[in-house]
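# Close look at the chain arrangement
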Amino acid sequence: MAQPSYTPSPYPVSVIGSQFIAPYPFEAIIVINSSGDLLITDVNHKILFKVKPCNTDYHNQRVLLDVDDRPIVLMREKTWTLHNGWKVFKGDSNSDSDLIFSTKTPKIIQSKTNVHVFLGSHTSSKGTCDFKITESWSKRSCAIYVGDSSTVIAQMHKMEPPASVRFVKDKFMVTIYPYVDYAFVVTLIAIVEAMNSSDADDDVIEEVVAVGSVIDSVFG
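Summarised in this report is the structure supplied together with it. (Residues numbered from 1 in each chain as written. Predicted model: local features only at pLDDT ≥ 70, side-chain atom pairs only at ≥ 80, totals over all residues. Heavy atoms only, no water.)

## Description of the overall build of the protein chain
Counting its regular elements, the protein chain contains one helix and twelve strands. Of the regular secondary structure in the protein chain, the N- to C-terminal order runs β-β-β-β-β-β-β-β-β-β-β-β-α. The buried share of the protein chain, reckoned over its 220 residues, is 45%. The long-range fraction of contacts in the protein chain, counting pairs at least 24 apart against all pairs at least 6 apart in sequence, stands at 37%. Accessible surface computed for the protein chain: about 12,000 Å², of which carbon and sulfur atoms make up 53%. (Helix = DSSP H or I, 4+ residues; strand = E, 2+ residues; numbered from the N terminus. Buried < 20%, exposed > 50% of the residue type's maximum accessible area, 1.4 Å probe, protein only. Contact = heavy atoms within 4.5 Å. Areas by Shrake-Rupley, 256 points an atom, 1.4 Å probe, with all protein chains shown as cover.)

Shown next as structure tokens:
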């Protein structure tokens, strides 16, 4: 596949770890299973990461694992927020001292997903974001930018999974640009997928409630 044109970042982007940086652009495949698990491979189907739900009674969570199932980061949805906020911690910690970065949507209601990313050194998420995700889930595509600039560090688009493959919900190709932390990119995409899954679940609940109200009005 021909490499897309892009404006490279003027400096390496290392957020989760420098061991996840390559000096060349490469493509990764993200497979989302019906169970909610994500499997991330290179184009030769070598496993790079896994993402698994690990929800608690009070928090929607995901964990990024290496090929040996060792936790790299924990993603935790913030509670009591209207901005779909998430926090990302080192390993399987949820301590603020291990916070790497946080995310939130700048607007409560929006036609497409825009997610702002703030590195852990930012004590407040009210200032200018460090990275930004612009995503159209209906078109199954997104791009990740440095701050409010036009510098793209990764792009994702939907692939059609083979009809013969069972239990595969979605499949995506991600192009990650040189000297960019690909574990960071995968974590951001996992958060966006979790946000959209949560929104879909909410829509189903609302439909069930609406149907129940109609039935009650007819037979009640």
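## Regarding the layout of surface pockets
Think of a ball as big as a water molecule: rolled over the atoms, this probe shows where empty space is left. Approximately 310 Å³ is the volume found for the second largest pocket. Here the element with the most residues in the lining of the second largest pocket is strand β3 (residues 47-53); it accounts for three residues. Per-class residue counts for the lining of the second largest pocket are eleven nonpolar, one polar and four charged. (1 Å grid on protein atoms, 1.4 Å probe; cavity = no way out; pocket = protein on both sides within 12 Å on 5 of 7 lines; lining within 4 Å. Points joined across faces, edges and corners; volume = space filled by probe spheres on them. Nonpolar A, V, L, I, M, F, W, Y, C, P; charged D, E, K, R; others polar.)

## Focus on the packing of aromatic side chains
Counted by the stated rule, this structure contains seven aromatic pairs. Among the aromatic residues, those joined into a cluster by ring pairs are F20, Y24, F26, F49 and Y182. The ring of Y145 carries the charged tip of K132 above its face, separated from the ring centre by 5.7 Å. (Phe/Tyr/Trp six-rings, centres within 6.5 Å; stacked < 30°, edge-to-face > 60°. Lys NZ or Arg CZ within 6 Å of the ring centre and 35° of its normal.)

## Quick notes on the side chain of H116
Note that H116 resides in strand β8 (residues 113-119). Given a relative accessible area of 17%, H116 falls into the buried group.

## Topic: the pattern of salt bridges
Side-chain pairs of opposite charge can arise where the charged atoms are in close proximity. Going through the model one piece at a time under the given rule, you end up with six salt bridges. One salt bridge in this structure joins K50 and D69, with 3.0 Å as the shortest N-O distance. Remark: D69 occurs in the loop between β4 (61-65) and β5 (71-77) and K50 occurs in strand β3; sequence separation between them is 19 residues. Residue classification places K50 among the buried positions, given a relative accessible area of 18%. For R70, the salt bridge goes to D66, with nearest N and O atoms at 2.8 Å. Residue classification places D66 among the buried positions, given a relative accessible area of 14%. Three or more residues are tied together by salt bridges with common partners; here these are D66, D68 and R70. (Salt bridge = Lys/Arg side-chain N within 4 Å of Asp/Glu carboxyl O.)

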